[in-house]
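# Notes for the structure review
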Amino acid sequence: ARPRIAELAERLLDRIEAAGPPAELVADFSVPFAYGVICDMLGVPLDDVATLLPWVTALMSAGRTSPAEAAAAQQDMYAYFTDQLALRRKSIADGRPGDDLLTELLRADELSEEEIRIFGAGLLMAGGETTSNFLTSCAQQLLGEPGLAEALRAEPAGVPRAVDECLRWVWF
């Protein structure tokens, strides 16, 4: 998984560099990176993020969408994951199961399809939101302290400690 995550980050950063300044950190990196990693874990096609994000936005809006819009988004999200599970069941039956988390959950046969569908939707929404917000907050911290980025470039071994500190500072 780590090489695919690094490849996604490089691809997004290359796209930002090719487009030239100014870059929109959230739209151009944080959101596609966070959701890309989670889609990869779930085995969900990255191209489907454009379909999924409006549903995520409606479901995570904390009351900013109408109850009818939220219910429609929930129905669409669950229908999407129902289709994803059907594809995986077919792949398993055909003897060519994928190496994604949804497939592993189906093969383990410990959760119902409803539980797996809820898990998939929940991981996509909560994981994507929290990770994209965290990445953005870390970048804001780096930009707000001019010497910090230079110090980490000079001593890359300090990056894990900086990430841990950012986690502590931003989330606790």
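Notes on the structure in this doc start here. (Residues numbered from 1 in each chain as written. Predicted model: local features only at pLDDT ≥ 70, side-chain atom pairs only at ≥ 80, totals over all residues. Heavy atoms only, no water.)

Glancing now at the pattern of salt bridges. Under the counting rule described, the total for this entry stands at nine salt bridges. Through salt bridges with shared partners, one network takes in Lys90, Asp94 and Arg96. (Salt bridge = Lys/Arg side-chain N within 4 Å of Asp/Glu carboxyl O.)

A few words now on the environment of Leu102. Assignment of secondary structure puts Leu102 in helix α5 (residues 101–108). Non-local contacts of Leu102, meaning those with residues more than four positions away in its chain, are made with Leu42, Phe81, Gln84, Leu85, Arg88, Ile116 and Gly120. (Helix = DSSP H or I, 4+ residues; strand = E, 2+ residues; numbered from the N terminus. Contact = heavy atoms within 4.5 Å.)

Bringing helix α6 (residues 113–144) into the picture now. Counted at 1.5 Å a residue, the expected span for α6 with its 32 residues is 46 Å, and the 46 Å between its end C-alpha atoms agrees. Those residues of α6 not exposed but buried are Ile116, Arg117, Gly120, Ala121, Leu124, Met125, Gly127, Gly128, Ser132, Phe134, Cys138 and Ala139. (Expected span 1.5 Å × (residues − 1). Buried < 20%, exposed > 50% of the residue type's maximum accessible area, 1.4 Å probe, protein only.)

At a minimum axis distance of 10 Å, the contact between helix α1 (residues 2–19) and helix α2 (residues 25–42) shows a crossing angle of 155°. As summarised for this structure, α1 and α2 are arranged roughly antiparallel, according to the angle between their axes. Considering only the axes of α1 and α2, their crossing is right-handed. Two secondary-structure elements touch here, α1 through Arg4, Ile5, Leu8, Ala9, Leu12, Leu13 and Ile16 and α2 through Asp28, Phe29, Pro32, Phe33, Gly36, Val37 and Asp40. Among the residues making up the contact of α1 with α2, the classes are represented as ten nonpolar, one polar and three charged. (Axes fitted to C-alpha atoms, helices over the stretch in contact; angles between N-to-C directions. Parallel < 35°, antiparallel > 145°, perpendicular 65-115°, else oblique. Left-handed = near helix turned anticlockwise from the far one by under 90°. Nonpolar A, V, L, I, M, F, W, Y, C, P; charged D, E, K, R; others polar.)

Now for the environment of Glu113. With respect to the helices and strands, the residue Glu113 is situated in helix α6. You can call Glu113 partly exposed: its relative accessible area is 31%. Expressed as a C-alpha distance, the spacing of Glu113 and Thr103, which sit ten residues apart in the sequence, is 11 Å. Once residues lying within four places of it in the same chain are set aside, the contact partners of Glu113 are Leu85, Arg89 and Leu106.

Structurally, Phe134 can be placed in helix α6. Judged by its relative accessible area of 13%, Phe134 is buried. With 103 residues separating them in the primary sequence, Phe134 and Val31 have C-alpha atoms 10 Å apart.

As a further point, take the layout of surface pockets. Taken as a whole, the largest pocket holds about 1400 Å³ of empty space. If you trace the largest pocket, you find 35 residues lining it, with Cys138, Leu142, Leu152, Val159 and Val163 closest to the centre. No other element matches the eight residues that helix α8 (residues 159–171) contributes to the lining of the largest pocket. Split by residue class, the lining of the largest pocket holds 25 nonpolar, three polar and seven charged. The calculated volume of the second largest pocket comes to roughly 150 Å³. Considering each element in turn, the lining of the second largest pocket owes the most residues, four residues, to α1. (1 Å grid on protein atoms, 1.4 Å probe; cavity = no way out; pocket = protein on both sides within 12 Å on 5 of 7 lines; lining within 4 Å. Points joined across faces, edges and corners; volume = space filled by probe spheres on them.)

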